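Structure at a glance
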Amino acid sequence: MPRRRERFERSDVPRASTRRSVIAAVVCVAVFAAIAAVVALLWNRVTLESRLGDKDLEGALAAQPGQAVAEGTGYVASGDDFEVVALLTADGLDPVGPALTSARILAINRTQGTAACVTVPLGAKVDAETSATLAEAYAGQGYAACVGELSSAAGVPFDHVVVATGDVIDEVRAVVGSSASDLVRQASGLLSKIRTDMDAAELLSLAEALSAASSNLTFSEAFLVAEAGTDEEGNPVETGAQVIERTQLGVALGLLVPAA
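Here goes a summary of the coordinates provided. (Residues numbered from 1 in each chain as written. Predicted model: local features only at pLDDT ≥ 70, side-chain atom pairs only at ≥ 80, totals over all residues. Heavy atoms only, no water.)

Our next topic: the packing of helix H2 (residues 55–62) against helix H4 (residues 143–154). Packing of H2 against H4 leaves a shortest axis separation of 8 Å and a crossing angle of 20°. As judged from the angle between their axes, H2 and H4 are roughly parallel. The handedness of the crossing between H2 and H4 is right-handed. Together, Asp 56, Leu 57, Ala 60 and Leu 61 of H2 and Tyr 143, Ala 144 and Val 147 of H4 make up the contact between the two elements. Grouping the amino acids of the contact of H2 with H4 by side-chain chemistry returns six nonpolar, no polar and one charged. (Axes fitted to C-alpha atoms, helices over the stretch in contact; angles between N-to-C directions. Helix = DSSP H or I, 4+ residues; strand = E, 2+ residues; numbered from the N terminus. Parallel < 35°, antiparallel > 145°, perpendicular 65-115°, else oblique. Left-handed = near helix turned anticlockwise from the far one by under 90°. Contact = heavy atoms within 4.5 Å. Nonpolar A, V, L, I, M, F, W, Y, C, P; charged D, E, K, R; others polar.)

This is the structure we're talking about:
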């Protein structure tokens, strides 16, 4: 009578284990969570970096009328080295639609180590064709279109523009000492609320110049005057619009100095 062979389980064959399945599931979850975190971090970094080097603002600056600062009677353009920045504050960062809440012009005198910041009233007329005010032009045309109009109305050419959802002067000064490569990581709060034509290196350069001039930083408001025109018979009349007094603005920014 043939012997019946006994069966033995091989010790070198892996056994199914509930614990091993749980560990594998945990590892998979951890891997996918890590991937999600990396993707989120990279997406956030790309989003923040996209706030720098805004192409629309770069184009608007390049399209500014080729003008020097408007000189007035008894004043001439200063020979010092200036960096002039338009600071536009709005209730959003979309290219068109948000309402402008504040407009300022910052002039940093790199030669003297001083700076001046002048607020431009939003009711100032900036569009010669439509008679739109600064606030109306911003809401209807967007931030890029306002750059050239504000420059022409103020008689001041801009080197850079910063569009923000809040007052960022102090935050800009706070990034002094950062490297360009670390700016996104160290100043994400600042970058999340601005759009600018500047790249990281230019923004840091501006921050350093502004910080150096902080003890000599003055604030003022631009004067508006009634716009003068002529009627059909050539008589002088007021149009009802208010325009920026360009000579006073140039003096307040330090761009104009008394003629010798």
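Its place among the elements puts Ser 78 in the loop between strand S1 (75–77) and strand S2 (82–90). A relative accessible area of 18% means that Ser 78 is categorised as buried. One polar contact links the side chain of Ser 78 to the main-chain amide nitrogen of Asp 80, over a distance of 3.1 Å. (Buried < 20%, exposed > 50% of the residue type's maximum accessible area, 1.4 Å probe, protein only. Polar contact = N/O pair within 3.5 Å; in protein donor to acceptor, adjacent residues only side chain to side chain.)

As a further point, take the nonpolar core. The nonpolar side chains of a soluble globular protein tend to be buried, and buried together. By size, the foremost hydrophobic cluster in this structure holds 38 residues, and its most contacted members are Phe 158 and Leu 249. When residues of this core are traced back to their parent elements, those giving at least two are H2, S2, strand S3 (100–109), helix H3 (134–141), H4, strand S5 (160–164) and helix H9 (246–253). Ranked by residue count, the leading element in this core is H4, at six residues. In contact with Leu 249, not counting residues within four places along its chain, are Ile 105, Val 118, Ala 154, Val 156, Ala 222 and Ile 244. Formed by 24 residues, the second largest nonpolar core is a distinct cluster that contains Ile 108, Cys 117, Val 172 and Ile 194. (Core = buried A, V, L, I, M, F, W, Y, C linked by side-chain atoms within 4.5 Å.)

Here the focus is the sheet that holds S5. Strand order in the open sheet made by the six strands is S6-S5-S2-S3-S4-S7, with mixed pairing throughout. At either margin of the open sheet sits one strand with a lone partner, and together these are strand S6 (194–196) and strand S7 (217–221). For this sheet, the mean angle separating the axes of adjacent strands, direction not counted, is 20°. Of the pairings in the sheet, the one linking S2 to S5 comprises five bridges and is parallel in character. Across the sheet, residue Thr 89 finds its bridge partner in S5, namely Ala 164. With respect to the sheet, H2 is in contact with S5 and S6, its orientation differing from that of S5 by roughly 140°. Relative to S3, helix H8 (residues 200–212) is tilted by about 75°, and along the sheet it contacts S2, S3, S5, S6 and S7. (Pairing = 2+ DSSP bridges.)

Residues of H2 that are buried include every one of Leu 57, Ala 60 and Leu 61, and no others. Along the axis of H2, the buried positions cluster into a sector of 100°, meaning they face one direction only. In H2, the exposed residues that point more than 90 degrees away from the buried face are Lys 55 and Ala 62. Of the surrounding elements, those touching the buried residues of H2 are H4, S5 and S6. (Arc of directions from axis to C-beta.)

The next point concerns the environment of Ala 107. Tracing the backbone through its elements, the reader meets Ala 107 in strand S3. For Ala 107, a relative accessible area of 1% corresponds to the buried category. Separated by 110 residues in sequence, Ala 107 and Leu 217 have C-alpha atoms that sit 9.5 Å apart. Discounting residues that sit within four places of it in the chain, Ala 107 has contacts with Phe 82, Glu 83, Val 84, Thr 114, Ala 115, Ala 116, Leu 253 and Leu 255.

Attention now moves to empty space enclosed by the protein. To find leftover empty space, one rolls a probe the size of a water molecule over the atoms. Within the structure shown, the criterion is met by two cavities of 30 Å³ or more. In this structure, the largest cavity is lined by Val 85, Leu 87, Leu 106, Val 162, Val 168, Ile 169, Val 172, Leu 206 and Leu 210. Its residues assigned to classes, the lining of the largest cavity comprises nine nonpolar, no polar and no charged. The volume enclosed by the second largest cavity comes to roughly 40 Å³. (1 Å grid on protein atoms, 1.4 Å probe; cavity = no way out; pocket = protein on both sides within 12 Å on 5 of 7 lines; lining within 4 Å. Points joined across faces, edges and corners; volume = space filled by probe spheres on them.)

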